[in-house]
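If you want the building blocks of each chain, they are given just below.
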Amino acid sequence: MAEPNEVLKTLTGLGHVSAEGCVPVRVRYRLLFERRGDELIAHGTLKGRHAGLRPIWLEPDAQLRLRNGRRLAIAVTDLVGDEAEFESTGPVGEL
């Protein structure tokens, strides 16, 4: 049995983040998978061009495409310079 708030896996790589009406942005991501209670969630950081990330930050729903092609529904929760923080907003699925 997993401990509450236990980080189960960390992924890093290059990917793209996009939102409806916004140009996709190439990013470097650090993604942590964590168990919170009975849920599996993902959160992490994105590094990319501020000018590209800012419009996505202003949208409530975005999508992160990982280097392996997997897609994850996210919300960008903070943006400072070229670094953004995000959380998953949908099912994370299998690790």
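Everything here concerns the structure above.
This write-up is about the structure you can find in this document. Values in this document were obtained by computation on a predicted structure and should not be read as measured data. (Residues numbered from 1 in each chain as written. Predicted model: local features only at pLDDT ≥ 70, side-chain atom pairs only at ≥ 80, totals over all residues. Heavy atoms only, no water.)

The next point concerns the pattern of salt bridges. Summed over the entire model, instances satisfying the criterion amount to two salt bridges. For R36, the salt bridge is made with E34, and the minimal N-O distance between the two is 2.8 Å. The partner of E83 in a salt bridge is K47, with the nearest N and O atoms 3.8 Å apart. Here E83, found in strand β6 (residues 83–88), pairs with K47, found in strand β3 (residues 39–47); they are 36 residues apart in sequence, far enough to count as distant. (Salt bridge = Lys/Arg side-chain N within 4 Å of Asp/Glu carboxyl O. Helix = DSSP H or I, 4+ residues; strand = E, 2+ residues; numbered from the N terminus.)

Turning to its location among the elements, E34 is positioned in strand β2 (residues 25–36). Within the local environment of E34, its side chain forms a polar contact with the side chain of H43, the two groups lying 3.1 Å apart. Those residues within four positions of E34 in sequence are excluded, and the remaining contacts are N5, E6, V7, L8, E39, L40, I41 and H43. (Polar contact = N/O pair within 3.5 Å; in protein donor to acceptor, adjacent residues only side chain to side chain. Contact = heavy atoms within 4.5 Å.)

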